[in-house]
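# Close look at the chain arrangement
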Amino acid sequence: MASVVELSYYPVKGCAGTSAREAMMTPAGLAHDRSFMVISEDGVFRTQRRDPRLALIQPEISADGERLTLRAPDSDPVGIDVDTSGPRRQVNLFGASYRGIDQGETAAAWLSKVLGAGSRLVRVPPEHARVTDGRTPGTSGYADSCAVHVISRATLRLLNERMAEGGSHPLPMSRFRPNIVLDGWDGPHTEDRAHRMTIGETELGYAKLAIRCAVVMVDQDSAAKTGPEPLRTLATYRRAAQGGVAFGSKYAVLRPGKIAVGDDVQVSLWGETEL
């Protein structure tokens, strides 16, 4: 039986994650996950695809969500009181228009200096009602798509074995920025077929495969672009029918609740992989 061995949430989209022993799973994913987003001055989201230095920014959000601290190498930390009631502004995420609450000049100036480009920080407004796609619809904050990203250790183990055969160094799980890491499944990519599962108090419904982009070529510790791996190796055995290469799976939240490292995974519905 599989169990949870790692939990991570990413308060600011594209920035470093926070590990947790336990967390609350909300309808939009782990509490505080991707609830903030860095945008350009004209409202377009910033991503490690174009701004790899996002990986060096370490956000810390208070348990009540009312205080956010940002840290980065060679910069003094900055703390802000989170604004959840200010004016809304348009933001652009993958061409889709959403609303965000600007978090003020202090955060904007700090981010602009760290990233070397004019930037602002926005938060998901309380009325945010985004509907995500896939086999199981759901909602999420500013995540790329669905609320919860799951990868098993067996899946990473196979990739690292394939990469070693080609003379490449193994990669840590952090390169793929999952929310939940599972161990205990013998076969790799079992998460492709676990279409409904209960973990702790939560229940998740499979939405779709996680199609990988250039972010997986960014070293999360140094922000260096290291391509062409792992995309080159994944392309040899994980080409998805809809295009791109798949690694891990995305889920919608069917039942919120507490989830913790050590929780067993009970799969109530198995299906075929979409690969």
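Refer to the structure above for everything that follows.
Residues numbered from 1 in each chain as written. Predicted model: local features only at pLDDT ≥ 70, side-chain atom pairs only at ≥ 80, totals over all residues. Heavy atoms only, no water.

The subject of this paragraph is the overall build of the protein. If you tally the helices and strands in the protein, you get 3 helices and 19 strands. For the C-alpha atoms alone, the extent of the protein along its principal axes is close to 50 × 40 × 30 Å. Sorting the 275 residues of the protein into buried and exposed places 55% on the buried side. Of the contacts formed within the protein by residues at least 6 apart in sequence, a portion of 69% connects residues at least 24 apart. On the protein, roughly 11,800 Å² of surface is accessible, and the fraction owed to carbon and sulfur atoms is 49%. Side-chain charges in the protein split into 33 positive and 33 negative, and the spacing between the mean points of these groups amounts to 4 Å. (Helix = DSSP H or I, 4+ residues; strand = E, 2+ residues; numbered from the N terminus. Buried < 20%, exposed > 50% of the residue type's maximum accessible area, 1.4 Å probe, protein only. Contact = heavy atoms within 4.5 Å. Areas by Shrake-Rupley, 256 points an atom, 1.4 Å probe, with all protein chains shown as cover. Lys, Arg positive; Asp, Glu negative; His and termini not counted. Charge placed at Lys NZ, Arg CZ, Asp CG, Glu CD.)

Right, let's talk about the nonpolar core for a bit. In terms of nonpolar packing, the biggest core is built from 46 residues, with I57, L68, L121, V148, I180, M197 and L204 touching the most fellow members. Contact partners of M197, with chain neighbours within four places excluded, come to V150, W185, T202, E203, L204, Y251, V265, Q266 and V267. M163, F176, V181 and V245 belong to the second largest nonpolar core, which has 14 residues in total. (Core = buried A, V, L, I, M, F, W, Y, C linked by side-chain atoms within 4.5 Å.)

This part covers the sheet that holds strand β2 (residues 12–13). Spatially, 5 strands are ordered β2-β6-β12-β11-β10 in an open sheet, and the strand pairing comes out mixed. Pairing within the sheet leaves two strands with one partner each, and these edge strands are β2 and β10 (88–93). Of the strand pairs in this sheet, β2 and strand β6 (residues 36–40) are connected by 2 bridges, and their pairing is parallel. Bridge assignment links V12 to a residue of β6, and that residue is F36. Each of β6 and β12 (119–123) is contacted by helix α1 (residues 105–115), which is oriented at about 130 degrees to β12, the strand it contacts most. (Pairing = 2+ DSSP bridges. Axes fitted to C-alpha atoms, helices over the stretch in contact; angles between N-to-C directions.)

It is worth spelling out the pattern of salt bridges at this point. Working definition: two side chains of opposite charge can pair if their charged atoms are close together. Applying the stated criterion across every chain, the model contains 18 salt bridges. Between R49 and D144 there is a salt bridge; the shortest N-O distance is 3.2 Å. Of this pair, R49 sits in the loop between β6 and β7 (58–61) while D144 sits in the loop between β12 and β13 (148–152), and the two are 95 residues apart along the sequence. Since its relative accessible area comes to 24%, R49 is described here as partly exposed. (Salt bridge = Lys/Arg side-chain N within 4 Å of Asp/Glu carboxyl O.)

To continue, consider the sheet that holds β7. Taking strand neighbours across the sheet as the criterion, the 3 strands line up as β7-β8-β9 in an open arrangement whose pairing is antiparallel. The sheet terminates laterally at β7 and β9 (75–81), the two strands that pair on one side only. Taking each pair of neighbouring strands and ignoring which way they run, the sheet shows an average axis angle of 15 degrees. Bridge analysis of strand β8 (residues 67–72) against β9 gives 5 bridges, and the strand direction is antiparallel. When the sheet's bridge partners are listed, L70 is paired in β9 with V78.

Before going further, it helps to examine unusual backbone geometry. At the junction of G227 and P228, the peptide bond is cis and its omega measures out at 10 degrees in the coordinates. Going from E229 to P230, the amide bond is cis rather than trans, its omega being 5 degrees. For P230, the position within the fold is in the loop between β16 (202–211) and α3 (231–234). A positive phi is found at R34, a non-glycine position, where the angle reads about 50 degrees. By the element assignment, R34 lies in the loop between β5 (29–30) and β6. Residue classification places R34 among the buried residues on the basis of a relative accessible area of 11%. Despite not being glycine, D74 has its phi angle at roughly 65 degrees, a positive value.

Sheet analysis places β10 next to strand β11 (residues 96–102), joined by 6 bridges and oriented antiparallel. Paired with N92 across the strands is S97, a residue of β11. Hairpin remark: β10 followed by β11, antiparallel, with 2 residues in the connecting loop; positive phi at F94, about 55 degrees. Pairing of β11 with β12, which is carried by 2 bridges, proceeds in the antiparallel orientation. Counterpart to I101 in the pairing with β12 is R123.

Just distances and angles here, no functional claims.
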